[in-house]
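# Reading the structure
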Amino acid sequence: MEDIRHKISVVLPIYNESVEMVSEALNSIQKQSFSDIEILVILDNPMNYNLIDYIEKCCKEDKRIKFIINEKNLGLPLSLNKAIKMAKYDLIARMDADDISYPKRLEVQLGELLRRDLDLIGCNIVRFTENKILDFSNYPTSTKAINKSIMYTSVIAHPTWLIRRDVFNRVGLYRDFYSCEDYDFLLRSRKKEIKMGNVKDVLLKYRVNQFSISNSNKSYQRLVSNFLRKNYERVEDITKEDIVDYIDSNMGRKNYQSIENYYEKREKSKLLQGKNELLSKINLLSYMFSKVAWDNLIASIMPNIYRRLYK
């Protein structure tokens, strides 16, 4: 009988990304130093014939690749669930179609997962655009620091996850909340006392596309994540209807508008820099002293504190 305990199913969802981006992401998984894997590529746009042609060609060249085409658009959470159910192995890794894994990512993560007896592990990332490197993450690595930090913000980058299948049996699959499916999953995992960690090494290049996420989407994601966090005690019972009701409520609309204003002022301040320094500084101060700005500040400070306290 085949020993599947230490083999990895890599789940790679694709949608409307370019063939060039998908090629970079897929190649980075194919060339992993840990090669005992299957790669489940799931396409959520059955009309994307360029990607269909490309992945079908890849399947002929690499038998480890399994290609799944949704009959209709399901969205990311349901596509991930579908691929996870089809995965053969007891360890499941996430990968995004526009990111690039370092060659030893899976090898290092698997070694740390086993050595530390973890259920879910991520790693640090470097954020980049087509033109430059933006910054490096410095996520907490210990389970205790992560459990503390998660109550402020997500500290395990979704495309870096390596997770035991049993976690999905204990926590459940992704829930379709339109956004924040990863943060929702991490909060539920904390509730179930799932042992989570990060590798301190940078093992993934995270592509930032400034045109891919509008301020409205950022505001919506922040609103949903705030709702999940503030309702942590009942997070397992939260439904999509609860989130819709909150967003439609007076409090939800008020919070959404304050978040929108924050992002608008922040972007306006950036545009004014070098053009009108006085207006830029006034605008900068106005969003710095908003509640959203303070929430952002706390969310960035607390994980660093816990990272130092609980190494």
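Before any of the text, the structure's been laid out above.
Everything in this summary refers to the structure shown in the same document. Note that this is a predicted model, so its numbers are computed, not measured.

Rules and cut-offs
Residues numbered from 1 in each chain as written. Predicted model: local features only at pLDDT ≥ 70, side-chain atom pairs only at ≥ 80, totals over all residues. Heavy atoms only, no water. Helix = DSSP H or I, 4+ residues; strand = E, 2+ residues; numbered from the N terminus. Buried < 20%, exposed > 50% of the residue type's maximum accessible area, 1.4 Å probe, protein only. Contact = heavy atoms within 4.5 Å. Areas by Shrake-Rupley, 256 points an atom, 1.4 Å probe, with all protein chains shown as cover. Pairing = 2+ DSSP bridges. Core = buried A, V, L, I, M, F, W, Y, C linked by side-chain atoms within 4.5 Å. Expected span 1.5 Å × (residues − 1). Patch = residues over 30% accessible without salt bridge, like charges linked within 9 Å, V, L, I, M, F, W, Y side chains within 5 Å. Salt bridge = Lys/Arg side-chain N within 4 Å of Asp/Glu carboxyl O. Phe/Tyr/Trp six-rings, centres within 6.5 Å; stacked < 30°, edge-to-face > 60°.

Here the focus is the overall build of the protein. Broken down by element type, the protein carries twelve helices and nine strands. Across the 311 residues that make up the protein, the buried fraction comes to 48%. The contacts in the protein between residues at least 6 apart in sequence include a share of 77% that link residues at least 24 apart. Counting only carbon and sulfur atoms, one obtains 52% of the accessible surface of the protein, whose full area is about 16,100 Å².

It is worth spelling out the pairing of strand S7 (residues 133-136) at this point. As defined by bridge partners, strand S6 (residues 120-128) adjoins S7 across three bridges and the pair is classed as antiparallel. The partner of valine 126 across the bridge, within S7, is phenylalanine 136. Here S6 hands over to S7 after four residues, the two strands then running antiparallel side by side.

The next point concerns the environment of tyrosine 220. On the secondary structure map, tyrosine 220 appears in helix H8 (residues 215-230). Leaving out residues up to four positions away in the same chain, tyrosine 220 has contacts with Phe177, Tyr178, Ser179, Ile243, Ile247 and Tyr256.

Turning to the nonpolar core, a few remarks are in order. Nonpolar side chains tend toward joint burial in soluble globular proteins. Formed by 76 residues in total, the largest nonpolar core has its most connected members in Ile8, Ile14, Leu26, Phe185 and Leu228. With residues up to four places along the chain from it excluded, the contact list for phenylalanine 185 reads Leu120, Trp161, Ile163, Val167, Phe168, Val171, Gly172, Leu173 and Tyr174.

Here we take up helix H1 (residues 19-30). An ideal rise of 1.5 Å per residue puts 16 Å on twelve residues; H1 measures up with 16 Å between its terminal C-alpha atoms. Buried within H1 are the following residues: Val22, Ser23, Ala25, Leu26, Ser28, Ile29 and Gln30. Among the structural elements, strand S1 (8-14), strand S2 (37-43), helix H2 (49-61), strand S3 (65-69), strand S5 (100-101) and helix H4 (105-115) are those in contact with the buried residues of H1.

Of the two faces of strand S4 (residues 91-94), the one lined by Leu91 and Ala93 and the one lined by Ile92 and Arg94 are each fully buried. Inspection of the sheet shows S1 paired to S4 by four bridges, in the parallel sense. Within S4, the position partnered with isoleucine 8 by the bridge is leucine 91. Across three bridges, the pairing between S4 and strand S8 (residues 162-164) is antiparallel.

Moving on to a nonpolar patch on the surface. Among the surface-exposed residues, Ile301, Ile305 and Leu309 lie close enough to one another that they form a single nonpolar patch of about 260 Å² accessible area. Here isoleucine 301 shows up in helix H12 (residues 291-309).

This next bit is on the packing of aromatic side chains. The description of an aromatic ring pair uses the distance of the two centres, along with the angle that the planes make with each other. Scanning the model with the defined rule gives six aromatic pairs in all. With a centroid separation of 5.6 Å and an interplanar angle of 40°, the aromatic rings of tryptophan 161 and phenylalanine 185 are classed as tilted. With tryptophan 161 in the loop between helix H5 (143-149) and S8 and phenylalanine 185 in helix H7 (residues 181-191), the pair connects residues that are 24 residues apart, well separated along the chain. In terms of burial, tryptophan 161 and phenylalanine 185 fall into one category: buried.

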